[in-house]
Each structure stands twice: as structure tokens, then as C-alpha cells.
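Listed below are the residues making up each chain.
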Amino acid sequence: MKNLVILGGGYGGMRVLARLLPNHLPEDVSITLIDRVPYHCLKTEYYALAAGTISDQHVRVAYPEHPRLTIKYGEIIGVDIEKKQVLLQGENSVSYDDLIIGLGCEDKYHNVPGADIHTYSIQTIEKSRATYQALNNLTPGSVVAIVGAGLSGVEIASELHESRPDLRIKLFDRGSHILSAFPERLSKYVENWFDSHSVEIVSHSNITRVEENTLFNHDEPISCDAIVWTAGIQPNKVVRELNVEKDSQGRVVLTKHHNLPTDEHVYVVGDCASLPHAPSAQLAEGQAEQIVQILLKRWNGEELPEEMPTIKLKGVLGSLGKKHGFGVVAERPITGRVARMIKSGILWMYKNHRG
Ligand SMILES: Cc1cc2nc3c(=O)[nH]c(=O)nc-3n(C[C@H](O)[C@H](O)[C@H](O)COP(=O)(O)OP(=O)(O)OC[C@H]3O[C@@H](n4cnc5c(N)ncnc54)[C@H](O)[C@@H]3O)c2cc1C
């Protein structure tokens, strides 16, 4: 029996399971999924968990069950590619025949001193819970700084305003406009929303240091009661420590069939993979679909396609609290209640009709 080991039951890992189970897994292949969390977590909703507008249970989805699927809970600390083994903290290592690494990403602090120690995060479920506790225990009038006004910074700032309108929220961003990756019309729409909801945007900021309850913008101290970091991501530590070729963002360089150039049995999916798009759940799922096709062909001894099709992305949607949203769908900017309703609908579909 061959063992396919999947590291991480995130969006990429779950899509692999959804496509192989229940009917497409060859009889001579078993799967071991390893994750530190006993359920699939909806990372795209961590901003709402941290803000306190949804419950913890809302972001959990049960892993599938199958006679040839073993789910192992544990902390992955490394991969020995030579020996084909996954190293776990305090437990025996796990051997694989084929491996898919889908461990997602972590905060990137850009060498800002103190940022890793004195800021809260929404990159893992454990950290989002800690952020929830900190934000929701603040006294009225407390100042919350959110560093980084990309999608997740904007989502947590607006959701927190909805959850705690008594807080003074400041959103710090390097650029002259927030949401720099989005069309200008959307940036302006979101800026107006923040303006009318008393969320302060601090443009052209440069966070040079963080101390306990103090953010230094261009070296000027600003007193804060809590600071949330949403100013950058990097691949998971396990992947950062892998001795394989990486791109300028530390993501693993892969062949067109999504495996390491030096090992056709090791695939990387999602935020840790070097792909021609910004990391997203959608991209992780699209890539996972292709990895499954390649695995099935290799297991069946079939020829691999010369070229893989481009992974199609449907667009990006962000929320501004529970009633408004923004995004780009089919290359068109959309704003307002419709954008929010589509986003909620996609989440509902994901939770109720996976696979
Ligand atoms: C606030 C926020 C909003 C977002 N909104 C969107 C959106 O609207 N649309 C979109 O497409 N994308 C969105 N994203 C991005 C999206 O969540 C990620 O791109 C996606 O989760 C990547 O999927 P993945 O499979 O690579 O990893 P993940 O989904 O992050 O899964 C990684 C898994 O690995 C496990 N793991 C990690 N390290 C270890 C370890 N050492 N040992 C054991 N287990 C480990 C984790 O527990 C987790 O289950 C958002 C992200 C955030 C933070």
C-alpha cells in the first residue's frame, strides 16, 4: 500500500481530499493527513472571529471520513526529503511515498523590531482566538492600531468597528491609498466607508518599531491599547527551512506539475507554492485540483500533460462589516450590499456543498 501524506488540512489539503475521496482513490493508496488542528479551519473568516462577530464553531469544518484516510494531529517540525519522512514534535516521524505540503503562511514582520512580540495576529486559529480575547476585553475608548490595509487589514478594521463601535480604530498603511492591489475606485469606496464610520486611516505610514502598547510611525510614538499586524505574509516556517529552491518571497519553486524539480513525489500546494498569482484560498484549491490530476496519472502510469491549463480565478471579495462589501468579480469592480451578499453566499456554499 502506498501512502500519500498531506501536510495541512487547509484549503489546498481539503480540496485534494475532496477530489480523491470517496471514489477516486486507487485501491493500493492510503492517505495520512497531518494537522495541528482537529478540523479544517476557514481562515478567510479569521477577521470576524478576532473581531468577535462570529463564533469559533462557525469557522470549523469536519474532516472527511474514509476507511483509507488516517488523520493525525500533531505539530510538524520538518521534512526529511532524502529519507521521505515527516518529522513531528514529540512523536515518531511519518514515512511517505508521495507528499503534499500545504502548510499555509505566517505573518511577515519585515524586520520591524518588536512587531513579532507586541502585535496580535489573525494568521492562525490559535492567534486569532488570542486576538479576539485581547480586542474584546478592551475598555471603551481604547485605541486599536491595525498595521497594513490590504484585504485582511480592511476586513478586521471594519468588522471590529461593527463589533465594538466604542473603540478608536486606526488603520496604518504605507501607500497613499489603502487596498493598493485593488482598482482605485474600490480603494476610494472603502476609504469613504471608513471615513463615515470613524475609522481613521493613517496613510504614508512607516512603522519603524513596536513596543508594548506603543507603535512607532516614522519613529513617532503612538499609544495604543492593542496592535494587530496584517502587514505581510511569508510561507510557513517548515517550508522556509526546507533546503529547496525558493522565489523572492520564499515560496517553493515547482515544475508545471506542481512537484519539486528534484523530486516528483513532493508537491507543494497553496500559500507555500510559487505561482503566478497572489496567494489565496481559491488559488490553493485550483492548484490542488491539478495536483490530484497529476497524482492519478502517475499512480496509473499514464503520460502527464505537456502543459497544465492556467488556474482560473473568479475574483476577490472583501467585507465591510456584515452589510457592505467590495471586490472584483469577472474583472469588474463591485461594491455595496450585493458584493457582501455574494461573499456570504460563497461561504455558505463552501461550508455546505464542498466537493
Ligand atoms: C483574514 C483573511 C482573509 C482572507 N480572505 C480571503 C478571501 O476572501 N479569499 C481567498 O481566496 N483567500 C483569502 N485569504 C487567504 C487564504 O486564507 C489563504 O490563501 C489560504 O488559507 C491558503 O490555503 P493553504 O491550503 O495554503 O493553507 P491554510 O488554509 O492556511 O492551511 C494550512 C494548514 O496547515 C496547518 N499547519 C500549519 N503549520 C502546521 C504545523 N507546523 N504543524 C501542523 N499543522 C500545521 C494549519 O493548522 C492549517 O490547517 C484570507 C486570509 C486571511 C488571513
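Residues numbered from 1 in each chain as written. Predicted model: local features only at pLDDT ≥ 70, side-chain atom pairs only at ≥ 80, totals over all residues. Heavy atoms only, no water.

Peer 1: Which parts of the structure should I look at to understand the pairing of strand β11 (residues 143-147)?
Peer 2: Walk down a regular strand and you will see the side chains alternate between the two sheet faces. The buried fraction of β11 amounts to five of the five residues, a majority that puts the element mostly inside the structure. Residues of β11 alternate between two faces, with V143, A145 and V147 on one and V144 and I146 on the opposite face, all of them buried. In this sheet, strand β12 (residues 168-172) lies alongside β11 in parallel orientation, the contact comprising five bridges. Bridging across to β12, V147 finds its partner in F172. (Buried < 20%, exposed > 50% of the residue type's maximum accessible area, 1.4 Å probe, protein only. Helix = DSSP H or I, 4+ residues; strand = E, 2+ residues; numbered from the N terminus. Pairing = 2+ DSSP bridges.)

Peer 1: Mind showing me how you'd approach the site of the ligand here?
Peer 2: Around the ligand there are 32 residues in total, and G12, D35, N236, D271 and A281 lie nearest to it. Between the ligand and Y11 there is a distance of 3.2 Å, counted from an oxygen atom to a backbone nitrogen or oxygen. A distance of 2.8 Å separates an oxygen atom of the ligand from a polar backbone atom of G12. Notes on the ligand: free accessible area 1000 Å², of which the protein chains cover 90%. Elements that contribute at least two residues to the shell around the ligand include exactly α1 (11-20), α5 (151-163) and α8 (281-299). (Near = heavy atom within 4 Å. Polar contact = N/O pair within 3.5 Å; in protein donor to acceptor, adjacent residues only side chain to side chain. Areas by Shrake-Rupley, 256 points an atom, 1.4 Å probe, with all protein chains shown as cover.)

Peer 1: Explanation requested: the sheet that holds strand β5 (residues 69-73) in the structure shown.
Peer 2: Backbone hydrogen bonds are what pair the strands of a sheet, in a parallel or an antiparallel way. Here six strands make up an open sheet; going across it, the order is β5-β2-β1-β9-β20-β19 and the pairing mixed. Taken across any chain shown, the strands that pair with only one partner, and hence form the sheet edges, are β5 and β19 (259-260). Where strand β1 (residues 2-7) and strand β9 (residues 98-101) come together, four bridges link them in parallel fashion. What sits directly across from V5, in β9, is L99. Across the sheet, α1 is in contact with β1, β2 (29-35), β5 and β9; its angle to β1 comes to roughly 145°. The sheet strands contacting α8 are β1, β2, β9, β19 and β20 (263-268), and the helix crosses β20 at an angle near 160°. (Contact = heavy atoms within 4.5 Å. Axes fitted to C-alpha atoms, helices over the stretch in contact; angles between N-to-C directions.)

Peer 1: What is the right way to read the state of the cysteines from this model?
Peer 2: Among covalent bonds in proteins, the disulfide is the one between the sulfur atoms of two cysteines. Considering all chains together, one arrives at zero disulfides under this definition. Distance from the sulfur of C105, which forms no disulfide, to the nearest cysteine sulfur (C272) is 7.6 Å. With a relative accessible area of 7%, C105 lands in the buried category. (Disulfide = S-S within 2.5 Å.)

Peer 1: Looking at this model, I keep getting lost on α8. Mind explaining?
Peer 2: Note on helix geometry: an α-helix contains 3.6 residues per turn, so any two residues three or four positions apart are oriented the same way. For α8, built from 19 residues, the straight-helix expectation of 27 Å at 1.5 Å per residue is met to within 8% by its first-to-last C-alpha distance of 27 Å. Along its buried surface, α8 packs onto β1, α1, β2, β9, β20 and α9 (337-352). Count one or two residues on from α8 and you reach G301, which has phi positive near 70°. (Expected span 1.5 Å × (residues − 1).)

Peer 1: Just checking my understanding: could you explain the layout of surface pockets for this structure?
Peer 2: Where empty space is left in the structure can be found by rolling a water-sized probe over the atoms. Approximately 230 Å³ is the volume found for the second largest pocket. If you go around the second largest pocket, you meet 14 residues; those closest to its centre are K256, H258, L275, P276 and Q290. Its residues placed into classes, the lining of the second largest pocket shows six nonpolar, six polar and two charged. (1 Å grid on protein atoms, 1.4 Å probe; cavity = no way out; pocket = protein on both sides within 12 Å on 5 of 7 lines; lining within 4 Å. Points joined across faces, edges and corners; volume = space filled by probe spheres on them. Nonpolar A, V, L, I, M, F, W, Y, C, P; charged D, E, K, R; others polar.)

Peer 1: I'm lost on the packing of aromatic side chains in this one. Help?
Peer 2: Aromatic ring pairs are defined here through the distance separating the ring centres and the angle between the ring planes. Within this structure, the stated rule accounts for four aromatic pairs. Between the aromatic rings of Y11 and Y350, the centroid separation amounts to 5.5 Å while the plane-to-plane angle is 40°, which identifies the pairing as tilted. On the criterion of sequence distance, the pair formed by Y11 in helix α1 and Y350 in helix α9 is long-range, its members being 339 residues apart. You can call Y11 buried: its relative accessible area is 12%. Between W193 and F194, the ring centres sit 5.6 Å apart and the planes meet at 80°, which makes this aromatic pair edge-to-face. (Phe/Tyr/Trp six-rings, centres within 6.5 Å; stacked < 30°, edge-to-face > 60°.)

Peer 1: I'm lost on the sheet that holds strand β15 (residues 214-217) in this one. Help?
Peer 2: The strand order β14-β15-β16 describes an open sheet built from three strands, whose pairing is antiparallel. Each having just a single partner strand, β14 (207-211) and β16 (220-223) make up the two edges of the open sheet. Averaged over all neighbouring strand pairs, the angle between strand axes comes to 25°, with direction disregarded. In this structure, β14 lies alongside β15, joined through four bridges in antiparallel fashion. Note on β15: the bridge partner recorded for E211 is T214.

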